[in-house]
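Structural description and commentary
Below are the chains, spelled out letter by letter.
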Amino acid sequence: MSDTPIEKKVFSQKAGEFIEWLLGRYPDKQAALLPVLRLAEEEFGNIDDASVMLVAKTLELSPGYVWGVLTFYTHYRREGDGKYLLQVCSTLPCALRGCREIQHHLEDKLGIEAGETTEDGLFTLKKVECLGSCDTAPVVQVNEKYHENLDSEALDKLLENLRG
Ligand code: FES
């Protein structure tokens, strides 16, 4: 859990100004939820309970609604996620090109299963739906960057590079 008391979390002035600008571009506050969640992720490094409460308050939505939307999507960095968020696409085009092997290879190498974080806090592995790069399947997204046309060898190299 975050150390920040739920009622103490606030957006920076710059983020607040950005939210104001965003709200001018959407028909209502609810419609701005996804970009405001992204902003919270960027502002605080991940989205914890206090961020959910802050976003809910900012957009005049219920925390339960914000939580429901947040947990529907896999791509937001959540509290407890590792430094590197590895998202393995598991939708059909990637499945036909070996994404299960990719996932199992990563699980073996990292010693965790999809949905878990390594003990050193370096890696979180997630199985996700289509990442929108089907023509370069199989695909793994690491934080913001896509790694495409992967095989075991490329994965080993990727992990080696990430470990530094
Ligand atoms: S199915 Fe994997 S990127 Fe679309």
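Residues numbered from 1 in each chain as written. Predicted model: local features only at pLDDT ≥ 70, side-chain atom pairs only at ≥ 80, totals over all residues. Heavy atoms only, no water.

1. Overview of the overall build of the protein
- Broken down by element type, the protein carries seven helices and four strands.
- Counting from the amino terminus, the protein carries its helices and strands in the arrangement α-α-α-α-β-α-α-β-β-β-α.
- When the backbone C-alpha atoms are referred to their principal axes, the protein occupies close to 45 × 35 × 25 Å.
- Every one of the 164 residues in the protein was classed for burial, and the buried ones make up 42%.
- Accessible surface, the protein: about 9500 Å² in total, of which carbon and sulfur atoms supply 49%.
- Once the 18 positive and 28 negative side-chain charges of the protein are each reduced to a mean point, those two points are 3 Å apart. (Helix = DSSP H or I, 4+ residues; strand = E, 2+ residues; numbered from the N terminus. Buried < 20%, exposed > 50% of the residue type's maximum accessible area, 1.4 Å probe, protein only. Areas by Shrake-Rupley, 256 points an atom, 1.4 Å probe, with all protein chains shown as cover. Lys, Arg positive; Asp, Glu negative; His and termini not counted. Charge placed at Lys NZ, Arg CZ, Asp CG, Glu CD.)

2. Some remarks on the domain arrangement of the protein
- Entries for the protein in the domain assignment read domain 1 (6-72) and domain 2 (84-163).
- Placing the centre of domain 1 and that of domain 2 at their C-alpha centroids yields a distance of 28 Å. (Domains from an automatic or database assignment.)

3. Some remarks on the pattern of salt bridges
- On inspection of all chains with the given rule, the structure shows five salt bridges.
- For Glu41, the salt bridge identified is with Arg38, shortest N-O distance 2.4 Å. On the criterion of helical spacing, the pair formed by Glu41 and Arg38 is a turn pair, its members being three residues apart in helix α2 (residues 33-44).
- Relative accessible area serves as the criterion here: at 9%, Glu41 is assigned to the buried category.
- Arg38 sits in the partly exposed class, given a relative accessible area of 26%.
- Lys126 is the salt-bridge partner of Asp81, the closest N and O atoms lying 3.5 Å from each other. (Salt bridge = Lys/Arg side-chain N within 4 Å of Asp/Glu carboxyl O.)

4. Focus on the nonpolar core
- Of all hydrophobic cores here, the largest spans 22 residues; its most connected members are Phe11, Leu33, Val36, Leu37, Val55, Leu59 and Val66.
- Elements with a contribution of two residues or more to this core: α1 (13-23), α2, α3 (49-59) and α4 (63-72).
- Residues within four places of Val36 in sequence aside, it is in contact with Phe11, Ile19, Leu22, Val55 and Leu59.
- Grouped together as the second largest cluster of nonpolar side chains are 17 residues, Leu86, Leu110, Val142 and Leu159 included. (Core = buried A, V, L, I, M, F, W, Y, C linked by side-chain atoms within 4.5 Å. Contact = heavy atoms within 4.5 Å.)

5. Let's talk about unusual backbone geometry
- Across the junction of Ala137 and Pro138, the peptide omega takes the value -5°, indicating a cis bond.
- In this fold, Pro138 is placed in the loop between β2 (123-128) and β3 (140-142).
- Phi angles above zero are rare outside glycine, and Asn143 is one such case at about 50°.
- Along the chain, the position of Asn143 falls in the loop between β3 and β4 (145-147).

6. Concerning the side chain of His105
- Of note, His105 is situated in helix α6 (residues 99-110).
- In this structure the side chain of His105 is engaged in a polar contact, spanning 2.7 Å, whose partner is the side chain of Asp156. (Polar contact = N/O pair within 3.5 Å; in protein donor to acceptor, adjacent residues only side chain to side chain.)

7. Some words on the pairing of β2
- Taken across its six residues, β2 has five buried, putting it largely inside the fold.
- Relative to β2, strand β1 (residues 84-89) runs parallel, the two sharing six bridges. When the bridges of β2 are listed, Leu85 appears paired with Thr124. (Pairing = 2+ DSSP bridges.)

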